[in-house]
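Read off the chains here:
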Amino acid sequence: MESEASDPTPNMQSLSVNDSQNHDSASSSNPAPAMTLEEKFRIVRSVGEECIQEDELMNLLRNKPEPICYDGFEPSGRMHIAQGVMKTISVNKLTSAGCRVKIWIADWFAQLNNKMGGDLKKIETVGRYLIEIWKAVGMDLDGGKVEFLWSSKEINARAHEYWPRVMDIARRNKLPRIMRCVQIMGRSEQEELSAAQILYPCMQCADIFFLKADICQLGMDQRKVNVLAREYCDDIKMKNKPIILSHHMLPGLQQGQEKMSKSDPSSSIFMEDEEAEVNVKIKKAYCPPKVVEGNPCLEYVNYIIFPWFNEFKVERKAENGGDKIFKSYEELIADYENGELHPGDLKPSLSKALNKILQPVRDHFANDSNAKDLLKRVKAYRVTR
């Protein structure tokens, strides 16, 4: 086993990365000089599909000028578009409303979950690659409101704070309660789990307190461990519980895929996919005429295109209705359900919009030697579940 007590690389630092590039997209926004409490609440609340609890969120925004939001990820392979673009949209919304965002690069957690075969050096390489993507796509990193924190470095630096909390959480919870949280690792309770994967939920719960997070801004699949953190607050009589702001999980591109899979390239768009790859994947995507429910192409438009551009332009021949700019998702699905908008016209327009978002990322990985090397190495790694 590699030594976990040493920093995997000098490049792994707790940092705010400033990007001098200008990105002309609706996803980048600067704080309004006189944003009202209601405006802040609307922006922050829009990030989550679910909020526990809304009254607590309003009270937090009323009393704390710069709430701390926490998000985290396992470096476990190439980045798909939900992790790249949707996270960028969410982070930019949060910082525009005055929040500080701590992005937890969970390298030790990826090792516990046996990602990259548990190879910490490979995991660290993937983490650095992911940061390069967020820099390139337009995450608002100016102003120091976004921090990337490596779990191994931070935990080692403040071990006296971290491990007693992990132990206390483990001591106060029965094994079945912890087992209900294994979904956060992409596992099920029926799987044969290692002891490390039982430790994982206790550590992720401790992260919330270790990072002094006011808001847990993770996906719906992480909900159970965030609820565990709130239950733990009841146990220790902690008044201010972390607010849970769970974002939507974008489905895979094929029929019946509830979420994207890094091990199935056809299930998602990757952030550095070439234009032709995006076109082929969207062309082959499940998109039945007049059917909105379970339609991944419409989900892409709703959760990526509209938040990014504030509109969706469909280009089509005059005999098919001519070009049309949709200003809302409701307007779009009305046309789709009644057959006025056909998949044959929706898909090419979706591909074109996605490629416009992804082009700065392609350019960065083509022109920056460090980014190019990272991508080459990550593509060579075998994704482990």
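Coordinates for the structure precede this section.
Here the structure is a predicted model, which means the values were calculated and not measured.

Reading the values: rules and limits
- Residues numbered from 1 in each chain as written.
- Predicted model: local features only at pLDDT ≥ 70, side-chain atom pairs only at ≥ 80, totals over all residues.
- Heavy atoms only, no water.
- Pairing = 2+ DSSP bridges.
- Helix = DSSP H or I, 4+ residues; strand = E, 2+ residues; numbered from the N terminus.
- Contact = heavy atoms within 4.5 Å.
- Axes fitted to C-alpha atoms, helices over the stretch in contact; angles between N-to-C directions.
- Salt bridge = Lys/Arg side-chain N within 4 Å of Asp/Glu carboxyl O.
- Buried < 20%, exposed > 50% of the residue type's maximum accessible area, 1.4 Å probe, protein only.
- Parallel < 35°, antiparallel > 145°, perpendicular 65-115°, else oblique.
- Expected span 1.5 Å × (residues − 1).
- Arc of directions from axis to C-beta.
- Polar contact = N/O pair within 3.5 Å; in protein donor to acceptor, adjacent residues only side chain to side chain.

(A) Structural context of the sheet that holds strand S2 (residues 68-73). Taken in spatial order, the six strands line up as S1-S6-S5-S2-S3-S4 in an open sheet, and their pairing is mixed. The open sheet terminates on both sides in strands that have one partner only, identified here as strand S1 (50-52) and strand S4 (146-150). Across five bridges, strand S3 (residues 100-105) lies against S4 in parallel orientation. Opposite Trp 104, over in S4, you have Leu 149 as the bridge partner. Lying on the sheet, helix H10 (residues 223-235) is in contact with S1, strand S5 (215-216) and strand S6 (243-246); it crosses S6 at an angle near 170°.

(B) Expanded view of the pattern of salt bridges. Across all of its chains, the model carries 22 salt bridges by this definition. Measuring nitrogen to oxygen at the nearest pair gives 2.6 Å for the salt bridge that ties Glu 50 to Arg 223. Here Arg 223 lies in helix H10 and Glu 50 lies in strand S1, a separation of 173 residues in the sequence. Between Asp 373 and Arg 377 there is a salt bridge, with the nearest N and O atoms lying 3.1 Å from each other. Placement of both Asp 373 and Arg 377 in helix H15 (residues 369-380) is noted, with a separation of four residues, approximately one turn of the helix. Given a relative accessible area of 31%, Arg 377 falls into the partly exposed group. Here the salt bridges do not stand alone but share partners, grouping Arg 78, Glu 272, Asp 273 and Lys 281 into one network.

(C) Structural view of the packing of helix H14 (residues 343-367) against H15. In contact at an axis separation of 5 Å, H14 and H15 are set at 100° when each is read in the N-to-C sense. With respect to H15, the axis of H14 lies roughly perpendicular. For the pair H14 and H15, the contacting residues are His 364, Phe 365, Ala 366 and Asn 367 in the first and Ser 369, Ala 371, Lys 372 and Leu 375 in the second.

(D) Quick look at H15. In a regular helix each residue adds 1.5 Å, so twelve residues correspond to 16 Å; H15 covers 17 Å between its end C-alpha atoms and thus fits that length. Among all positions in H15, only Ala 371, Leu 374, Leu 375 and Val 378 are buried. Projected down its long axis, H15 shows its buried positions confined to an angular sector of 100°, all on one face. Residues of H15 that are exposed and point more than 90 degrees away from the buried face comprise Ser 369, Lys 376 and Ala 380. Contacts made by the buried residues of H15 are with helix H5 (120-137) and H14. Its side-chain oxygen placed 3.1 Å from the backbone nitrogen of Asn 370, Asp 368 serves as the N-cap of H15.

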